[in-house]
Amino acid sequence: MTFYRNRTDAGQQLAGAVIARLGPNPANAIVLALPRGGVPVASEVARQSGVALDLLIVRKLGMPFDPEFAFGAIGPGGACYLNPDVLERHAISDEQINQVRESEAAELARREHLYRGNREFPNLDGKTVIVVDDGIATGASIKAALLALKSLKPGKVVLAVPVAPKESVPEFTQLVDEFICPLTPEHLGSVGEHYAEFGQVTDAEVLNLSNRG
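Here we summarise the structure given alongside this text. Computed from a prediction, not measured in an experiment: that's the story for all the values here.

1. Some remarks on the environment of P122
- Examined against the element boundaries, P122 turns out to sit in the loop between α4 (94-116) and β6 (128-132).
- A residue is classified by how much of its surface remains accessible, and P122, at 17% relative accessible area, is buried.
- Sequence-wise, P122 and L183 are 61 residues apart; in three dimensions their C-alpha atoms are separated by 30 Å.
- Aside from chain neighbours lying at most four places away, what touches P122 is I30, D54 and R116.

If you want it as structure tokens, here you go:
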């Protein structure tokens, strides 16, 4: 069953939930989008909330035999999250882990250069940081993003997503100061099943929306 028309619709609905929790135009706040899928969602949250938009670039570490299924993720500043349960269940070797990490590290560097260029990452010291993605499945990318944020000393971390499995709510509520998620189904096969339209977001779309923000 779908719930959102597309990522823009999801962002508009999520923005309402964020404003209801934090109030309009929250002081000293910034929205950080996880490219690529989180950018159209975050763009609406930033626009309606009246705060700046920037990017927090992470990369999923996918199984060698199934790249869409994550066993972890990496982020800026050497942040890395590995899911111990997944690694144990599927007996992934250290060699396989390192191969995937090297490949995704190269893509992370490419996206940092493409999306940010020479623009410095914003100073987050003491700020309210609203991290936005298009949904949570395994949570690996989100966890890498949250790890990356720790060293940047934000005053408050808010995680806002349109959809996440109900079982993940307690965990993410503990990981951040505020967890905002309008849709928490009992069983989540994939994030995309809750969108009528869930195509790939292009690099051009990311650049257009992030420059606009």
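2. A few points about the packing of aromatic side chains
- Tallied over the entire structure, the rule returns four aromatic pairs.
- Judged by centre distance (5.4 Å) and plane angle (45°), the ring pair of Y4 and Y195 falls under tilted. With a gap of 191 residues between them, Y4 in the segment before α1 (7-22) and Y195 in the loop between β8 (178-180) and α7 (203-212) connect regions that are remote in the sequence. By the burial criterion, Y4 is buried, and Y195 matches it.
- Between Y195 and F198 the ring centres are 4.8 Å apart and the planes differ by 40°, which places this aromatic pair in the tilted class.
- Residue Y195 is classed as buried on the basis of its relative accessible area of 4%.

3. Points about unusual backbone geometry
- The linkage connecting P35 with the following residue, R36, adopts the cis geometry, with an omega of 0°.
- On the secondary structure map, R36 appears in the loop between β1 (29-33) and α2 (38-49).
- In this structure, N28 is a non-glycine residue whose phi angle is positive, near 55°.
- Tracing the backbone through its elements, the reader meets N28 in the loop between α1 and β1.
- Phi is positive for K153, close to 55°, though the residue is something other than glycine.

Calculation criteria
- Residues numbered from 1 in each chain as written.
- Predicted model: local features only at pLDDT ≥ 70, side-chain atom pairs only at ≥ 80, totals over all residues.
- Heavy atoms only, no water.
- Helix = DSSP H or I, 4+ residues; strand = E, 2+ residues; numbered from the N terminus.
- Buried < 20%, exposed > 50% of the residue type's maximum accessible area, 1.4 Å probe, protein only.
- Contact = heavy atoms within 4.5 Å.
- Phe/Tyr/Trp six-rings, centres within 6.5 Å; stacked < 30°, edge-to-face > 60°.

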